[in-house]
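Here's the letter readout for the chains.
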Amino acid sequence: ALEPVDAGGRFFYCPPNSAANAHFLSMLRNTLVQDWDLDDDGRPETLRLLFATPKRWLEDGKVIAVERVPTAFGEVALRVESKLGAGEVLADVTLPTREPAKRTLLRIRVPDGWRVVTAATTGAASRSLLVDERGSVDLTALSGRVALRFQVRKN
């Protein structure tokens, strides 16, 4: 038989469990924002955005939005809206300004059956960006608030 192990009558492996709650939040953060030390010098130099989001999060009409996310480089904000029916995904990203990362990447993970074919910044100074086979673009050369348009196509 199970017997409580504290004066409140709780089992330590049952909720509330602040360590498990914190672990869940750190996993959620790493799904959205990763500030990594990929050159193994003890300091983060790479910022990866949306690299681990479930593909369902960008089904047609869905939005991923986060504000004031702390990173090793400063705060990040982003809003990504899926418009698969119109053949596009729109992203508005505010990159950190305190200490720019040596490399900043954004990945648009669209649902199975779709793929990202092109990406470009929008606005007066629009420019094309190279998209890899996983839907990632390099934002390293950009700063501040950046609006992007990703063209998507069914496989």
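Criteria and cut-off values
- Residues numbered from 1 in each chain as written.
- Predicted model: local features only at pLDDT ≥ 70, side-chain atom pairs only at ≥ 80, totals over all residues.
- Heavy atoms only, no water.
- Core = buried A, V, L, I, M, F, W, Y, C linked by side-chain atoms within 4.5 Å.
- Buried < 20%, exposed > 50% of the residue type's maximum accessible area, 1.4 Å probe, protein only.
- Helix = DSSP H or I, 4+ residues; strand = E, 2+ residues; numbered from the N terminus.
- Contact = heavy atoms within 4.5 Å.
- 1 Å grid on protein atoms, 1.4 Å probe; cavity = no way out; pocket = protein on both sides within 12 Å on 5 of 7 lines; lining within 4 Å.
- Points joined across faces, edges and corners; volume = space filled by probe spheres on them.
- Nonpolar A, V, L, I, M, F, W, Y, C, P; charged D, E, K, R; others polar.
- Pairing = 2+ DSSP bridges.
- Patch = residues over 30% accessible without salt bridge, like charges linked within 9 Å, V, L, I, M, F, W, Y side chains within 5 Å.
- Areas by Shrake-Rupley, 256 points an atom, 1.4 Å probe, with all protein chains shown as cover.
- Salt bridge = Lys/Arg side-chain N within 4 Å of Asp/Glu carboxyl O.
- Polar contact = N/O pair within 3.5 Å; in protein donor to acceptor, adjacent residues only side chain to side chain.

Thoughts on the nonpolar core
Most often, soluble globular proteins keep nonpolar side chains buried together rather than apart.
Move 1: Within the largest apolar cluster, 33 residues are counted, with the highest numbers of intra-cluster contacts made by Leu49, Leu78, Leu106, Ile108, Leu148 and Phe150.
Move 2: Listed by contribution, the elements that provide at least two residues to this core are β2 (46-49), β3 (63-69), β4 (76-83), β5 (88-94), β7 (114-121) and β10 (145-154).
Move 3: Here this core gets four residues from one element, more than from any other, and that element is β10.
Move 4: Apart from residues no more than four positions distant in its own chain, leucine 148 is found in contact with Val89, Leu90, Ala91, Val93, Leu106, Ala120, Thr121, Thr122, Leu129 and Leu139.

Observations concerning the layout of surface pockets
Move 1: For the largest pocket, the calculated volume is near 220 Å³.
Move 2: Forming the boundary of the largest pocket are 17 residues, of which Lys55, Arg109, Val110, Glu133 and Arg134 lie nearest the centre.
Move 3: Sort the elements by how many residues they give to the lining of the largest pocket and β7 lands first, with three residues.
Move 4: Within the lining of the largest pocket, the residues separate by chemical class into six nonpolar, three polar and eight charged.

Points about the sheet that holds β10
Move 1: Pairing within the open sheet is antiparallel, and its six strands lie in the order β3-β4-β5-β10-β7-β8. Every other strand in the sheet has two partners, leaving β3 and β8 (128-129) as the edge strands with one partner each.

Thoughts on a nonpolar patch on the surface
Move 1: Together, Phe24, Leu25, Met27 and Leu28 give the surface a local cluster of nonpolar side chains, amounting to about 390 Å² of exposed area.
Move 2: Inspection of the secondary structure puts methionine 27 in helix α1 (residues 18-32).
Move 3: Judged by relative accessible area, which is 41%, methionine 27 ranks as partly exposed.

Concerning the side chain of serine 136
Move 1: For serine 136, the position within the fold is in strand β9 (residues 136-138).
Move 2: Reaching out from serine 136, the side chain makes a polar contact with the side chain of arginine 107 at a distance of 2.6 Å.
Move 3: Setting aside residues no more than four positions away along its own chain, serine 136 makes contact with Phe51, Leu106, Arg107, Leu130 and Val131.

Topic: the pattern of salt bridges
Move 1: Following the criterion strictly, the structure yields nine salt bridges and no others.
Move 2: With its nearest N and O atoms 3.2 Å apart, the salt bridge here joins glutamate 81 to arginine 79.
Move 3: Judged by relative accessible area, which is 41%, arginine 79 ranks as partly exposed.
Move 4: Across the salt bridge formed by aspartate 92 and arginine 145, the nearest N and O atoms sit 2.4 Å from each other. Here arginine 145 lies in strand β10 and aspartate 92 lies in strand β5, a separation of 53 residues in the sequence.

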